[in-house]
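So the chains spell out like this:
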2 protein chains.
Amino acid sequence: MAGVQATLTVDTGSRRYPIFIGEKLLSDESLFAPYCADRQVLVISNAPIAEHYLPKLAPWLMQAGNSLIEIPTGETHKTLSTCEMIWQKLLAAGFNRHCLLVALGGGIVGDITGFAAACYQRGVDFIQLPTSLLAQVDSSVGGKTGVNHPLGKNMIGAFHQPQMVAIDIETLTTLPKREFRAGLAEVIKMALLFDADFFDWLETNIEAILMLDKASLVHLIRQSVQLKVNIVAQDEKEKGCRALLNLGHTYGHAIEHCQGFGKVLHGEAVAIGCLLACYFSEQELGLDPSLRKRLQRLLYQCDLPRELPLGTNGSKMLETMKRDKKNSQDNINLVLLDALASARIYPCSDLALIQRHIDEYRLI
Amino acid sequence: MAGVQATLTVDTGSRRYPIFIGEKLLSDESLFAPYCADRQVLVISNAPIAEHYLPKLAPWLMQAGNSLIEIPTGETHKTLSTCEMIWQKLLAAGFNRHCLLVALGGGIVGDITGFAAACYQRGVDFIQLPTSLLAQVDSSVGGKTGVNHPLGKNMIGAFHQPQMVAIDIETLTTLPKREFRAGLAEVIKMALLFDADFFDWLETNIEAILMLDKASLVHLIRQSVQLKVNIVAQDEKEKGCRALLNLGHTYGHAIEHCQGFGKVLHGEAVAIGCLLACYFSEQELGLDPSLRKRLQRLLYQCDLPRELPLGTNGSKMLETMKRDKKNSQDNINLVLLDALASARIYPCSDLALIQRHIDEYRLI
């Protein structure tokens, strides 16, 4: 496992698994052998990713009985129908409950594969080979899996932890720049939530990161994933502190929903969502406005949006926010900041206030 | 909780919940209040059951915000499409992740409701109010949930434990006789597997049971459920001993599949499956044939089938058995008996042998 530059461990109490970060991991047979030996393996990917990276997997993929399915690209295909394609393939090929699914791709491939694994024969193993920055620092870690429903994002899903995650930073070289930058939004969110030093480091090193400097990327990913692992270890099923990770997401999902899934990238919506959370925090919790200025500058350097897209407003967003999974009773549970690296859940029953602050933010 | 005559507790390590057995439980508000207070509740049932038993639930159901959905009756509707109906209803009504689903019905309603609960917003609570004997002694207990796929029964599902199970024996008075008898097949299976005294008791008391004698029913259900609870506590996810509960089921599922789901009742297929398992055990493990004779007599008294249905044979059954969830590698994992109350998993790679014993059994 020569290319591994960092190894982290997730331990949820009931499940324990490694996360490897490094270079040339996809072609490192020794990394995969313990997971793939003596079982049926189905690799799940999409056409653009498979074209680039399937040849690297070839040595261990091409064993007898293993198989590949390419699923359609994009958030609009993150649906039950796509899962049904996978289940159909597994059943038609006679895969039993000892099989392994391998997600090779971004967050959408990972979320769908994880959910397909969670429900196939009441749960089979899967591993994550995330190829987008968003998937590497966020969605591949922690066991949240699922698909969208016309009435809401990620509404159908399961908690299902992978057996292993291998993050090969070389995949970032073929990732579209826009997607790379959207992934940075989740990294910035983690720093905002938990780690002031990391936020400083991001401000200082953003140019090197955008140039895909390898040492910077490894540090960035390791630090982000470690922060997430710390939270997942405490609260796998999001009964408590894990909900903090939704900073910017209640707003972000609403923006995605208003625009139509796929029009605005998830990370882009989260970037705007974090700014909205900062603004609300300033108005209601007295957060120092200088943090929002720092955040705006960092997002600007990443070429990430800072303004609500046309056609999105407080009234439309509120309709979606009311259906958010994180709500309880009549409250919308926002994640707000008292200061950098000091966040809390803020149950808010004053829906008019939420709407007003969104619309105020549009005008400043 | 005046009507409760027995309370058992399931403890899987991670989850602990009660099973109440008795009379007039459905109308006992004190039983439900702790589970239903201050949350959105959706009752899931089907037309025949709702007609009989929904009025009994009325006092606690009619709170503001609660709701009912009737799903189509029968195994052919135990599909993802039916789950999607439920998810659509939940989302359209704005149900959040603190909601409760209530399964009021037989095993199909319970399995679908449990799976819908497992996947809605990555898992919400549900309770089981089983109204068929099969659901009461078997499917409502232990957290197996799921739906069928055209290529196999229960292939899409999850382990998801309920918050509570309330078994009201009065529902057995409106259960069609054929379904009651099919449920007895699972009870007989449990006795065959684990409890020779209980098997004796069944032989002695079968007339009283068939007359729906209340004390006999409570004893029958309590004993069956306790045997299942013992196993689930040891092995929730069917990594080991829980697989023994599949006695007669690998054969049974194949019979159901060959006939088309719903033509032969699950319990009827299991009855024949247990006889096939006995026959195989006689041939390969030296099981005393007298047990099969006792079993045949008991099944006869219950008016349960003892012969393979027309159109079903070893070759056809083997095709389905090869896709069974319980298989590992190239083995079909049969559950066989060395003696009454002494069972074991028997991995069998000799598919021709399995087929031959089925066809021999057809001719004796």
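Since we're looking at a predicted model, the values are computed, not measured.

Definitions and cut-offs
Residues numbered from 1 in each chain as written. Chains lettered and ligands numbered in written order. Predicted model: local features only at pLDDT ≥ 70, side-chain atom pairs only at ≥ 80, totals over all residues. Helix = DSSP H or I, 4+ residues; strand = E, 2+ residues; numbered from the N terminus. Buried ≥ 20, exposed ≤ 12 C-beta atoms within 10 Å, placed from the backbone. Contact = placed C-beta atoms within 7 Å. Pairing = 2+ DSSP bridges. Axes fitted to C-alpha atoms, helices over the stretch in contact; angles between N-to-C directions. Least-squares fit on C-alpha atoms with pLDDT ≥ 70 in both. Nonpolar A, V, L, I, M, F, W, Y, C, P; charged D, E, K, R; others polar. pLDDT = per-residue confidence, 0-100. Expected span 1.5 Å × (residues − 1). Arc of directions from axis to C-beta.

Thoughts on the overall build of chain A
Per the secondary structure count, chain A includes 13 helices and eleven strands. Counting only C-alpha atoms, chain A reaches 60 × 40 × 40 Å along its principal axes. By the burial criterion, 51% of the 364 residues in chain A qualify as buried. In chain A, 72% of the contacts between residues at least 6 apart in sequence involve partners at least 24 apart.

Side note on the sheet that holds strand E9 (residues 164–168) of chain B
All names here are of chain B. Spatially, seven strands are ordered E1-E2-E9-E6-E5-E3-E4 in an open sheet, and the strand pairing comes out mixed. Every interior strand has two partners, whereas the edge strands, strand E1 (4–11) and strand E4 (67–70), have only one. Looking at each pair of strands side by side, their axes are set apart by 15° on average, direction ignored. Summarising the sheet, strand E3 (residues 41–45) and strand E5 (residues 100–105) pair through four bridges and their orientation is parallel. Bridge pairing links Leu-42 to Leu-101 in E5. Across the face of the sheet, helix H4 (residues 107–119) comes into contact with E3, E5 and strand E6 (125–130) while running at roughly 170° to E5.

Examining the relation of the copies chain B and chain A
It takes a turn of 180° to lay chain B on chain A, together with a shift of 0.0 Å along the axis; the resulting RMSD is 0.0 Å. Such values leave the two copies arranged in the relation of a two-fold axis. Most of the interface of chain B is mirrored in chain A, where 100% of its interface residues are also at the interface.

Observations regarding the interface of chain B and chain A
In many analyses, interface size is given as the accessible surface area lost on bringing the parts together. Each side of the interface is counted separately: chain B has 31 residues, and chain A has 31 residues. Listing elements by their share of the side of chain B that touches chain A, those giving two or more residues are helix H3 (80–92), H4, strand E7 (144–149) and strand E8 (152–159) of chain B. In terms of residues, the side of chain B that touches chain A owes the most to one element, E8(B), which gives six residues. For the side of chain B that touches chain A, the residue count by class is twelve nonpolar, twelve polar and seven charged.

Here we look at the confidence of the model for chain A
For chain A, per-residue confidence averages 93 on the pLDDT scale, and 97% of positions sit at 70 or higher. Of the two predicted TM-score estimates for the complex, the pTM is 0.91 and the ipTM is 0.90.

Digging into the environment of Pro34(B)
Residue and element names in this part refer to chain B. Relative to the helices and strands, Pro-34 is located in helix H1 (residues 29–36). Classification of Pro-34 as exposed rests on a count of 9 C-beta atoms within 10 Å. Linking Pro-34 and Val-187, residues 153 residues apart in sequence, is a C-alpha distance of 31 Å.

Looking at the sheet that holds strand E3 (residues 41–45) of chain A
Residue and element names in this part refer to chain A. Taken in spatial order, the seven strands of this open sheet run E1-E2-E9-E6-E5-E3-E4, and their pairing is mixed. For this open sheet the edge positions go to strand E1 (4–11) and strand E4 (67–70), each flanked by a neighbour on one side alone. When strand polarity is set aside, the average angle formed by the axes of neighbouring strands in this sheet is 15°. Across seven bridges, E1 lies against strand E2 (residues 16–22) in antiparallel orientation. Pairing of Val-10 across the sheet is with Tyr-17, part of E2. Of the strands in this sheet, E1, E2 and strand E9 (164–168) are in contact with helix H8 (residues 214–234), which crosses E1 at around 10°.

Some points on H3(B)
Residues and elements named next belong to chain B. Taking 1.5 Å of rise per residue, 13 residues should cover 18 Å, and H3 covers 18 Å from first to last C-alpha, within 8% of that figure. Here H3 has its buried residues at Leu-80, Thr-82, Cys-83, Ile-86, Trp-87 and Leu-90. One side of H3 holds all its buried residues, which, seen down the axis, span an arc of 160°. H3 presents Ser-81 and Ala-92 as exposed residues on the side facing more than 90 degrees away from its buried surface. Where H3 terminates, the next one or two residues include Gly-94, which has phi positive at roughly 70°.

With respect to helix H13 (residues 351–363) of chain B
Residue and element names in this part refer to chain B. Between its first and last C-alpha atoms H13 spans 19 Å; for 13 residues at 1.5 Å apiece the expected length is 18 Å, and the two agree. Within the span of H13, buried status applies to Ile-354, His-357, Ile-358 and Tyr-361. Take H13 and look down its axis: the buried residues cluster within an arc of 100°, on one side only. Across from the buried face of H13, at angles greater than 90 degrees, the exposed residues are Ala-352 and Leu-363.

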